[in-house]
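Topology and contacts: notes
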Amino acid sequence: MLNSRVDNRVSNNVYVSGNNCDKRNGGACINADTYMEHVFYKMCMVNERKMKIFYEWQTNKEKYIHQTAIIAHDFPHYSVHDKEHSRTIVEAIEMFLGKWRIDRLSIGDVWLLLNAAYGHDIGMLIRYREVVDLWRNDSDFATYLENAMKNSDSDMQEAALFYKQLQNVLHDRKQMDGIEEELYKIYELTNDWPVIMRKNVMLLTSDYMRKHHQERSQKFFDNLAETLGINIAENRLYQLLGNIVYAHGSNFDYILEKLPKETNGFGNERMHPQFIAILLRLGDLLDLDNNRFDFVALEHFGTLPHLSEVQLKKHLSVTHFLITDTKIEVTEEVTDSETCEAVEQWFTYIREEVKNITSKWNCVAPRELGGCTFRDCTLKVLLNGNEYESIGKNHFEVDNKKFIDVLIGDKLYGDNLVFLREYIQNAMDATKLLLWINDQKKNGVSVFGTDARDSLELTPMNLQSYCLNEYGVDVLLELIEESEKAEDYKSKKPVLRIQIIDSGVGMDEECIKALSVIGTGWKKDIL
């Protein structure tokens, strides 16, 4: 139970919302931003004990709102994670369940949902002391910086490289000391370097903290008594809340393995933690309308990282959005393929969570809610007016540098020239396959000698002599001068062009289409 000091403080600081004033409790007015919160208040009005549960929630809500409002200071380039995000999550859950189901939820389930919706991102709040310790003493963060420098797919690479070079200069080392040759890009440390470094510190810190925010949010709830400065009647319930909050950034198995299906709540009522955790995940994903970014904060921040720019386009591209207890419909119209991929990835997450909750409904949902009525999830992406075919259908795209790294066996082989062996082996395999196909043709001509056809093991020594000329594999080497487009001092150096040419089976259009889908093949059609 909360003590009288906390009760009085809540009663004197709640906000007026319509006519939601309780004359039986000294005329206290409530701040009910959503239908769910209004229902929660009505549930708690029945007696003084339950009203204290509601007042405790109002105290928590005030703290959540105040603290999450500060998140934008360290994450101005992110979509907002403030009270509007929390309210939208609750409203999305209301629409997905239907108001008639909200009316049937227990006080404990509503309490869990409201606290989770408003507090799940509180781990993104970063305090000054944490930032100092992070940059000064945290070995995991130091490893993160090293990895960021080497990751060409990350928006953080340039920020990490700039920091490393500046650190070298400040410590009287050579500017490129400790930086691998392939990462050479010397930054000119002009008079505005403090401004650039300020932004880079914000980017790197927020990116690292964001990856750990669910653990930080969980820790917040584990220590809630100290953090909020209130007396908590059931600390067990706040620890459970922390696990639910953690689950929103974890894999789905965590919910089924670590959270109970049912547990005691307030009084003789039951809570359903698995169900609440799944609803939080879905509601979080369904906050995808085009008001997620604070444009004043974006202008203050400056040029966005590439990934943030894509996410902004994703939200601005929503043209149709509908949630009911039977269907979800979203249409986005975009003008570039990269945004299409971001939208399609988001849609994949939504489909997965819809599948999770509908397939597990009978196991996790309170019996009072009845059966699942959801039937249809229609999520469409239009690229320049045409329905977009996502990656994995008839085409694929790769990052050129990473693709070359894979081809040469980067980090897989000790010698970078091993890729030559792999290419030559591929050429030989393609040649062998074509020879075998030709051998199977019923034209009376065999690529193998007459005596060899009865052999159990055919080898290249059994080939007819003409095959050695018509089916050879050529390796051509050419020394050329590298392009002068490079910007650093290592721009001009000779390079070796290698061509491996075979006359094997090759690849036609159907083969390329088949190879673009992982798990399918084309050899069976030939054989």
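Residues numbered from 1 in each chain as written. Predicted model: local features only at pLDDT ≥ 70, side-chain atom pairs only at ≥ 80, totals over all residues. Heavy atoms only, no water.

Brief notes about the overall build of the protein
Under the convention used in this document: Secondary structure elements are defined from DSSP: runs of H or I of at least 4 residues count as helices, runs of E of at least 2 residues count as strands, and each element is numbered from the N terminus. A 1.4 Å probe rolled over the protein chains alone gives each residue an accessible area, and that area as a share of the maximum for its type sets the label: buried under 20%, exposed over 50%, partly exposed in between. We call two residues contacting when some pair of their heavy atoms lies within 4.5 Å. For the area figures, the Shrake-Rupley method with a 1.4 Å probe applies, and any residue is considered shielded solely by the protein chains shown.
A count of helical and extended segments in the protein gives 24 helices and 10 strands. For the protein, with 527 residues in total, the buried portion stands at 43%. Sequence-distant contacts, at least 24 apart, represent 66% of the contacts inside the protein between residues at least 6 apart. Carbon and sulfur atoms make up 50% of the accessible area of the protein, which amounts to about 29,400 Å² in all.

Overview of a nonpolar patch on the surface
Test applied: What goes into a patch is any residue over 30% in relative accessible area without a salt bridge, connected to like charges within 9 Å or, for nonpolar side chains (Val, Leu, Ile, Met, Phe, Trp, Tyr), within 5 Å. Any Lys or Arg side-chain nitrogen located within 4 Å of an Asp or Glu carboxyl oxygen qualifies as a salt bridge.
Side chains of V475, L477, L479 and L496 sit close together on the surface and give an oily, nonpolar patch of about 430 Å² of accessible area. In terms of residues, the nonpolar patch owes the most to one element, strand β9 (residues 474-481), which gives three residues. Its location among the elements puts L479 in strand β9. For L479, a relative accessible area of 66% translates into the label exposed.

Focus: the nonpolar core
What tends to happen in soluble globular proteins is that the nonpolar side chains get buried as a cluster. Test applied: Only buried residues count toward a nonpolar core, which is a set of Ala, Val, Leu, Ile, Met, Phe, Trp, Tyr and Cys residues joined through side-chain atoms within 4.5 Å.
One finds F40, F96, W111, I244, F275, I328 and W361 to be the most contacted residues of the largest nonpolar core, which totals 77 residues. Considering every element that reaches this core, the biggest residue donor is helix α7 (residues 107-119), with nine residues. Not counting the four nearest positions on each side in its chain, F275 is found in contact with L97, I357, W361, V364, A365, P366 and L369. Core analysis: the next-biggest nonpolar cluster, separate from the first, contains 32 residues, F75, Y78, A148 and A159 among them.

Looking at the packing of helix α3 (residues 48-68) against α7
Note the threshold: To get an axis, fit a line to the C-alpha atoms, keeping to the stretch in contact for a helix; angles then go from 0 to 180 degrees between the N-to-C directions. Orientation categories follow fixed angle ranges, with anything under 35 degrees roughly parallel, anything over 145 roughly antiparallel, 65 to 115 roughly perpendicular, and all other angles oblique. The nonpolar class holds Ala, Val, Leu, Ile, Met, Phe, Trp, Tyr, Cys and Pro. Asp, Glu, Lys and Arg form the charged class, and all remaining residues, Gly among them, are polar.
Where α3 meets α7, the axes come as close as 9 Å, and the angle between the chain directions of the two elements is 10 degrees. The pairing of α3 with α7 is recorded here as roughly parallel in orientation. Packed against α3, whose contacting residues are K50, I53, E56, W57, N60, K61, Y64, I65 and T68, the element α7 presents I107, W111, L114, N115, Y118 and G119 at the interface. Tallied by class, the residues present in the contact of α3 with α7 amount to eight nonpolar, four polar and three charged.

A few points about the sheet that holds strand β7 (residues 376-383)
Where we set the bar: Strands qualify as paired when DSSP identifies two bridges or more between them.
Pairing within the open sheet is mixed, and its four strands lie in the order β5-β6-β7-β8. At either end of the open sheet lies a strand with only one pairing partner, and these are β5 (318-323) and β8 (386-387). In this structure, strand β6 (residues 327-334) lies alongside β7, joined through eight bridges in parallel fashion. Within the sheet, the bridge partner assigned to V334 lies in β7 and is L383.

Observations regarding the packing of helix α12 (residues 213-222) against helix α14 (residues 235-247)
The geometry of α12 relative to α14 is characterised by a closest axis approach of 8 Å and an angle of 170 degrees between their N-to-C directions. On the basis of the axis angle, α12 is roughly antiparallel to α14. Residues Q214, E215, S217, Q218, F221 and D222 of α12 touch α14, and the partners they reach there are Y238, Q239, L241, G242, N243, V245 and Y246.

What about the packing of aromatic side chains?
Put simply, the rule reads: For this analysis, a ring pair means two rings from Phe, Tyr or Trp (six-membered ring only for Trp) whose centres lie within 6.5 Å, classed as stacked if their planes differ by under 30 degrees, edge-to-face if by over 60, and tilted for the remaining angles. Charges are assigned to positions over rings by a cutoff of 6 Å between ring centre and Lys NZ or Arg CZ, combined with an angular limit of 35 degrees from the ring normal.
All chains considered together, the criterion is met by 21 aromatic pairs. On the numbers, 5.7 Å between centres and 50 degrees between planes, the contact of F40 with F54 is tilted. Pair noted here: F40 is in helix α2 (residues 35-44) and F54 is in helix α3, with a separation of 14 residues, a long-range link. Under the relative-accessibility criterion, F40 is labelled buried at 0%. Seen from their ring centres, W111 and F266 are 5.5 Å apart, and the 85 degrees between their planes marks the pair as edge-to-face. Here W111, found in helix α7, pairs with F266, found in the loop between β3 (263-264) and β4 (270-271); they are 155 residues apart in sequence, far enough to count as distant. One exposure class covers both W111 and F266, and it is buried. Residue placement shows K99 over the ring face of Y35; its charged tip is 4.8 Å from the ring centre.

Section: unusual backbone geometry
With glycine set apart, most residues show a phi of negative sign, and most peptide bonds adopt trans. At D172, a residue that is not glycine, the phi angle is positive and equals roughly 60 degrees. Mapped onto the secondary structure, D172 falls in the loop between α10 (157-170) and α11 (193-210). Relative accessible area serves as the criterion here: at 74%, D172 is assigned to the exposed category. In this structure, N384 takes a positive phi of about 50 degrees despite not being glycine.

Some details on helix α16 (residues 273-285)
Heads up, the rule is: How far a helix is expected to stretch is found by multiplying one less than its residue total by 1.5 Å.
Over its 13 residues, α16 runs 19 Å from end to end, which matches the ideal 18 Å to within 8%, given 1.5 Å per residue. Burial within α16 is extensive, with 13 of its 13 residues counted as buried.

What to know about the side chain of S106
Inspection of the secondary structure assignment puts S106 in the loop between α6 (99-102) and α7. Ignoring sequence-local partners within four residues, the contact set of S106 consists of M43, E269 and R270.

With respect to the environment of I244
Residue placement: I244 occurs in helix α14. The sequence separation of I244 and I276 amounts to 32 residues, and the corresponding C-alpha distance is 7.5 Å. I244 has contacts with L112, A116, L259, P273, I276, A277 and L280, leaving out every residue within four places of it along the chain.

Overview of the confidence of the model for the protein
Our working rule: Confidence scores here are pLDDT values: one per residue, from the predictor, ranging 0 to 100.
With 75% of its residues at a pLDDT of 70 or more, the protein shows a mean pLDDT of 80. Confidence over residues 391-396 falls short of pLDDT 50; this stretch has 14 contacts with residues more than four positions distant or in other chains.

Some remarks on the pairing of β5
Here β5 pairs with β6 via five bridges, running antiparallel. Directly across from H320, in β6, lies its bridge partner T331.

Quick notes on the pattern of salt bridges
As a working rule, side chains carrying opposite charge can pair if their charged atoms are close by. Counted by the stated rule, this structure contains 15 salt bridges. For K52, the salt bridge identified is with E48, shortest N-O distance 4.0 Å. Of the two residues, K52 and E48 are both situated in helix α3; the distance of four residues between them amounts to about one turn of the helix. Note on K52: relative accessible area 22%, which makes it partly exposed. Connected via shared salt-bridge partners are D33, E37 and K61.

Some points on the environment of M271
Note on placement: M271 falls in strand β4. The exposure class of M271 is buried, given its relative accessible area of 0%. For M271 and V110, which are 161 residues apart along the polypeptide, the C-alpha to C-alpha distance reads 8.9 Å. When neighbours within four sequence positions are excluded, M271 is seen to be in contact with G108, D109, W111, L112, L237, L240, K261, E262, T263, N264, G265 and F266.

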